[in-house]
Amino acid sequence: QVQLVESGGGLVQPGGSLRLSCVASGNIFRINAMGWYRQAPGKERELVATINSNGGSTMYADSVKGRFTISRDNAKNTVYLQMNTLKPEDTAVYYCNALSMMRHYWGQGTQVTVSS
């Protein structure tokens, strides 16, 4: 089992920045890729960014390329999502995801609201 706890969400003005954090605990030694997803009201959950086990490979949704950066610190069992130049359409609940032994684990989500 893997437990994930997100933090760092909040209210920010358009053009602002936030950094989300996700701390993993439990059977962390079998975690492979990690990622961030988001779900806006009335929409399906969508992939935002992923990162492989050693941090050497990342992937981003087209909508966030050039604005968001995913990173991980394996010594702290933490994955981050640095979000810059935020737009109102980035408003959503952001979920941390971990892939371990072919099973996906999810955090409880953290709300990000971009509004003036």
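Structure report, in brief.

Parameters and conventions
Residues numbered from 1 in each chain as written. Predicted model: local features only at pLDDT ≥ 70, side-chain atom pairs only at ≥ 80, totals over all residues. Heavy atoms only, no water. Helix = DSSP H or I, 4+ residues; strand = E, 2+ residues; numbered from the N terminus. Buried < 20%, exposed > 50% of the residue type's maximum accessible area, 1.4 Å probe, protein only. Polar contact = N/O pair within 3.5 Å; in protein donor to acceptor, adjacent residues only side chain to side chain. Contact = heavy atoms within 4.5 Å. Phe/Tyr/Trp six-rings, centres within 6.5 Å; stacked < 30°, edge-to-face > 60°. Salt bridge = Lys/Arg side-chain N within 4 Å of Asp/Glu carboxyl O. Pairing = 2+ DSSP bridges. Disulfide = S-S within 2.5 Å.

Turning to unusual backbone geometry, a few remarks are in order. In this model, Asn77 sits at a positive phi of 55 degrees, which is unusual for a non-glycine residue. By the secondary structure assignment, Asn77 is in the loop between β7 (68-73) and β8 (78-83). When its relative accessible area of 28% is taken as the criterion, Asn77 is described as partly exposed. Positive phi values are uncommon outside glycine, yet Met101 reaches one of about 55 degrees. Note on placement: Met101 falls in the loop between β9 (92-100) and β10 (103-106). Assessed through its relative accessible area of 54%, Met101 is described here as exposed.

The next point concerns the side chain of Ser100. Positionally, Ser100 belongs in strand β9. From its side chain, Ser100 meets the backbone oxygen of Arg30 in a polar contact 3.1 Å long. If near-sequence neighbours (up to four positions away) are discounted, Ser100 is found in contact with Val2, Asn27, Arg30, Ile31 and Tyr105.

On to the packing of aromatic side chains, then. Counted by the stated rule, this structure contains one aromatic pair. Ring centres of Tyr37 and Trp106 lie 4.9 Å apart, and the angle between their planes is 70 degrees; this geometry places the pair in the edge-to-face category. On the criterion of sequence distance, the pair formed by Tyr37 in strand β4 (residues 31-39) and Trp106 in strand β10 is long-range, its members being 69 residues apart. For Trp106, a relative accessible area of 37% translates into the label partly exposed.

Per the stated rule, a full pass over the model turns up four salt bridges. The salt bridge involving Arg38 is made with Glu46; its shortest N-O contact spans 2.7 Å. Residue classification places Arg38 among the buried positions, given a relative accessible area of 6%. Given a relative accessible area of 37%, Glu46 falls into the partly exposed group. Arg67 serves as the salt-bridge partner of Asp90, at 2.8 Å between the closest nitrogen and oxygen. Residue Asp90 is located in the loop between β8 and β9, and its partner Arg67 is located in the loop between β6 (58-60) and β7; the two are separated by 23 residues in the primary sequence. Judged by relative accessible area, which is 10%, Arg67 ranks as buried. Salt bridges here are not isolated pairs; linked through shared partners, they connect Arg38, Glu46, Arg67 and Asp90.

This next bit is on the pairing of β10. Of the pairings in the sheet, the one linking β9 to β10 comprises four bridges and is antiparallel in character. Looking at the pairing, Ser100 lines up with Arg103 of β10. Hairpin connection between β9 and β10: a loop of two residues separates the two successive antiparallel strands, and Met101 in this loop has a positive phi of roughly 55 degrees.

Here we come to the state of the cysteines. By definition, a disulfide links two cysteine residues through a covalent bond between their sulfur atoms. All told, the structure shown has one disulfide when counted by the stated rule. Covalent S-S linkage joins Cys22 and Cys96, the inter-sulfur distance amounting to 2.1 Å. Because the sign of the S-S torsion sets the handedness, a value of about -85 degrees for the bond joining Cys22 and Cys96 places this disulfide among the left-handed ones. Of this pair, Cys22 sits in strand β3 (residues 18-26) while Cys96 sits in strand β9, and the two are 74 residues apart along the sequence. With respect to class, Cys22 is no different from Cys96; both count as buried.

No statement about biological role is implied by the geometric values presented.
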